[in-house]
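# Summary of structural features
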Amino acid sequence: MKKKRKKRKGRSVQDLIGIKGFTNYGLETEKGELIFFLVSPTNISVLSYANIEIKIRHLMMVLSAVPDLEITCTDSSECFDDNKAYLKARTASESNPKIRSLLEQDMAFLDGKQIEMATARQFLFLARLKGQKEKQVFDAANRVEKTISEQGFEVRRLEKEEIKRFLALYFEASMYGEQMPDVDGAQYYEGYADAPKS
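For the structure given in this document, a descriptive report is provided here.

Conventions and cut-offs
Along each chain, residues carry numbers from 1 onward, in the same order as the chain's sequence is written. Residue-level local features of this predicted model are given only where pLDDT is at least 70; pairs of side-chain atoms are given and counted only at 80 or more, and the full residue set underlies all totals for whole chains, interfaces and linings. Water and hydrogen atoms play no part in the side-chain values, which are based on all heavy atoms of the structure. By definition, any uninterrupted DSSP run of H or I lasting at least four residues is a helix, any uninterrupted run of E lasting at least two residues is a strand, and each is numbered from the N terminus. Buried residues are those whose accessible area, probed at 1.4 Å on protein chains only, stays under 20% of the maximum for their type, while exposed residues exceed 50% and partly exposed ones sit between those limits. Here the Shrake-Rupley method, with its probe set to 1.4 Å, supplies the accessible areas, and only the displayed protein chains count as covering residues. Two aromatic rings, drawn from Phe, Tyr or Trp (for Trp, its six-membered ring), form a pair once their centres lie within 6.5 Å of each other, and the interplanar angle then sorts them: stacked below 30 degrees, edge-to-face above 60, tilted otherwise. For a ring to carry a charge above it, either NZ of a lysine or CZ of an arginine must fall within 6 Å of the ring centroid while also lying within 35 degrees of the normal to the ring plane. Whether two residues are in contact is decided by their heavy atoms, any of which lying within 4.5 Å being enough. By definition, a salt bridge exists where a carboxyl oxygen of Asp or Glu is found within 4 Å of a side-chain nitrogen of Lys or Arg. Under the convention used throughout, the expected extent of a helix is 1.5 Å for every residue step, that is, one less than its residue count. To obtain the arc, one takes the directions from the helix axis to the C-beta atoms.

When its secondary structure is counted, the protein chain shows seven helices and six strands. When the helices and strands of the protein chain are read in sequence order from the N terminus, they spell out α-α-β-β-β-α-β-α-α-β-α-β-α. Relative to its 198 residues, the protein chain shows a buried fraction of 30%. For the protein chain, the exposed surface amounts to about 14200 Å²; the carbon and sulfur share of it is 54%.

The next thing to look at is the packing of aromatic side chains. Enumeration over the complete set of coordinates arrives at two aromatic pairs. With 5.7 Å between their ring centres and 45° between their planes, Y25 and F138 make a pair best called tilted. With Y25 in the loop between β1 (19-22) and β2 (27-29) and F138 in helix α6 (residues 134-150), this pair connects stretches of sequence that are 113 residues apart. Assessed through its relative accessible area of 15%, Y25 is described here as buried. Positioned above the aromatic ring of F153, the side-chain terminus of K55 is 4.9 Å from the ring centre.

When you line up the elements, E94 lands in the loop between α4 (81-93) and α5 (97-117). E94 has contacts with I99, R100 and L103, leaving out every residue within four places of it along the chain.

Next up on the list: the environment of R143. Structurally, R143 is set in helix α6. We classify R143 as exposed; its relative accessible area is 53%. It is 9.5 Å that separates the C-alpha atoms of R143 and V66, two residues lying 77 residues apart in sequence.

If you walk through the whole model with that rule in mind, you get five salt bridges. Here K135 ties to D139 by a salt bridge, and the two come within 3.1 Å at their closest N and O atoms. Residue K135 and its partner D139 are both found in helix α6; the two are separated by four residues, about one turn of the helix. A salt bridge links E162 to R156; the nearest nitrogen and oxygen atoms lie 2.6 Å apart. Since its relative accessible area comes to 26%, E162 is described here as partly exposed. Here R156 falls in the partly exposed class, since its relative accessible area comes to 37%.

Our focus in this paragraph is the environment of E145. Summarising the element assignment, E145 is placed in helix α6. Taking the C-alpha atoms as reference points, E145 and R156, eleven residues apart in sequence, are found 6.9 Å from one another.

For α6, which comprises 17 residues, the first-to-last C-alpha distance of 24 Å matches the rise-based estimate of 24 Å (1.5 Å per residue) to within 8%. Looking at α6, one finds that the buried residues are V137, A140, A141, V144, T147 and I148. Axial view of α6: buried residues confined to an arc of 130°, hence all on one face. Facing away from the buried surface of α6 by more than 90 degrees, the exposed residues are K135, R143, K146 and E150. Buried residues belonging to α6 abut β3 (32-39), α3 (49-65), β5 (121-129) and β6 (155-157). G152 lies just past α6 and shows a positive phi near 90°.

So, in structure tokens, the structure goes:
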């Protein structure tokens, strides 16, 4: 029982979510390598019904050509809900009217920022590749990107820093995920800069 408890206690967040590390093209997980493609959204509110049907048909063509493609839609910026909840509670408990006024101004600022970013969404297409060599992964990544592009979607493969930023936003860790070290605490270890990167 003690061994089990000790083993469970020593697991990292990386282990819990199944991430092994970064590769040259994406992210290695326990269930295969993930290649991330950012697809620019189309404002369908300005399209005619016929053009919306065409877009849907093009997406269906992509999904039939790459049936294992996974799609996710996320905010492309940080959410301010926790900050706003804190400011609201702090304003309610504050007795000094000048400080309360400052807190209300902060709240109005965050409201404005959130409205600006309300339409800031990003669409990611993920290709999961299992048991393939680096050359095969490279070819598959290019084939998937070409397939998406040929159907009229603006697409590009994400680089390592962009994947880190996406993960940080997804797990609500930071707005600046691309600046996070690959290994937690690596910035405090002198020999890490000379060590081979994953």
